[in-house]
Amino acid sequence: MKPSDERTPDWSRERPRCWWDPSRRLLKAIRNYQNANGRGAVFRKRIAVYRHRFWSVVTQADIPLNANIEGGLILPHPNGIVIHPAAQIGPNCLLFQQVTIGTVEGRSGTPVLEGRVDVGAGARILGPVRIGHHARIGANAVVVADVPAGAVAIGIPARNHFKEGAFDR
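Values in this document were obtained by computation on a predicted structure and should not be read as measured data.

To continue, consider the overall build of the chain. Helices and strands together make up the secondary structure of the chain, namely 2 helices and 13 strands. Here the C-alpha radius of gyration of the chain, 16 Å, is about what a compact globule of 169 residues would show, namely 15 Å. Once the C-alpha set of the chain is aligned to its principal axes, its extents read approximately 50 × 40 × 30 Å. The 169 residues of the chain split such that 46% are buried. Long-range contacts, defined here as pairs at least 24 residues apart, represent 30% of the contacts in the chain between residues at least 6 apart. Carbon and sulfur atoms form 53% of the exposed surface of the chain, whose accessible area is close to 9000 Å². Treating the 23 positive side-chain charges of the chain as one cloud and the 13 negative ones as another, the clouds have centres 9 Å apart.

What follows is the structure, given as structure tokens:
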């Protein structure tokens, strides 16, 4: 995979590196639940649910089992991450602690994060917004409007401050 390819998931990013790897174990429980089918699926889903509950308590993250998350997600510090079940997260994204991806009362729709989006600690992405490929969301930013590809959004409410090509990744 090329480093700039935002559409191809890098599954090695989610592979647990040791037994005590809470964020990757939580993602593994979610993947096991979503991929359980065929003979013994009910048993495998039940085990995945128990593992999901355990790792959700350990990480204090609220990521539903039916979340629409593509491969390669990294959660370096999964504490306090909340993701709405209908939100869409593209491949190879990075979410730091205390990130909320959800809805806003009075506005229908959920956020869509495209590939290789980096979201800083404490950021809130709310409502029917689209975050473009390779975008960066600053720490504690509150995003309530679309962020174009390659842009950096910072502030409350978040504003775009740089365009693609303004810095080297």
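Once that is clear, we can look at the sheet that holds strand S1 (residues 68-69). One open sheet accounts for 4 strands, arranged S1-S3-S6-S9; its pairing is parallel. Single-partner strands in this sheet number two, and they are S1 and strand S9 (130-131). Pairing analysis gives 2 bridges linking S1 to strand S3 (residues 88-89), with the strands arranged parallel. Looking at S3, one finds that asparagine 68 is bridged to glutamine 88.

Before going further, it helps to spend a moment on the sheet that holds strand S2 (residues 82-83). What the 4 strands build is an open sheet, ordered S2-S5-S8-S11; its pairing is parallel. Pairing within the sheet leaves two strands with one partner each, and these edge strands are S2 and strand S11 (142-143). By the bridge criterion, 3 bridges tie strand S5 (residues 100-102) to strand S8 (residues 124-126) in an arrangement that is parallel. Directly across from glycine 102, in S8, lies its bridge partner leucine 126.

Another aspect to go through is the packing of helix H1 (residues 22-35) against helix H2 (residues 41-59). In contact at an axis separation of 8 Å, H1 and H2 are set at 155 degrees when each is read in the N-to-C sense. Here H2 runs roughly antiparallel to H1, going by the angle between their axes. Viewed along their axes, H1 and H2 form a crossing whose handedness is left-handed. Across the interface between the two elements, Pro22, Ser23, Arg25, Leu26, Ala29, Ile30, Asn32 and Tyr33 of H1 pack against Lys45, Ala48, Val49, Arg51, His52, Trp55, Ser56, Val58 and Thr59 of H2. Taken together, the residues of the contact of H1 with H2 sort by class into 9 nonpolar, 5 polar and 3 charged.

Cut-offs applied
- Residues numbered from 1 in each chain as written.
- Predicted model: local features only at pLDDT ≥ 70, side-chain atom pairs only at ≥ 80, totals over all residues.
- Heavy atoms only, no water.
- Helix = DSSP H or I, 4+ residues; strand = E, 2+ residues; numbered from the N terminus.
- Rg over C-alpha atoms; globule rule 2.2 N^0.38 Å.
- Buried < 20%, exposed > 50% of the residue type's maximum accessible area, 1.4 Å probe, protein only.
- Contact = heavy atoms within 4.5 Å.
- Areas by Shrake-Rupley, 256 points an atom, 1.4 Å probe, with all protein chains shown as cover.
- Lys, Arg positive; Asp, Glu negative; His and termini not counted.
- Charge placed at Lys NZ, Arg CZ, Asp CG, Glu CD.
- Pairing = 2+ DSSP bridges.
- Axes fitted to C-alpha atoms, helices over the stretch in contact; angles between N-to-C directions.
- Parallel < 35°, antiparallel > 145°, perpendicular 65-115°, else oblique.
- Left-handed = near helix turned anticlockwise from the far one by under 90°.
- Nonpolar A, V, L, I, M, F, W, Y, C, P; charged D, E, K, R; others polar.

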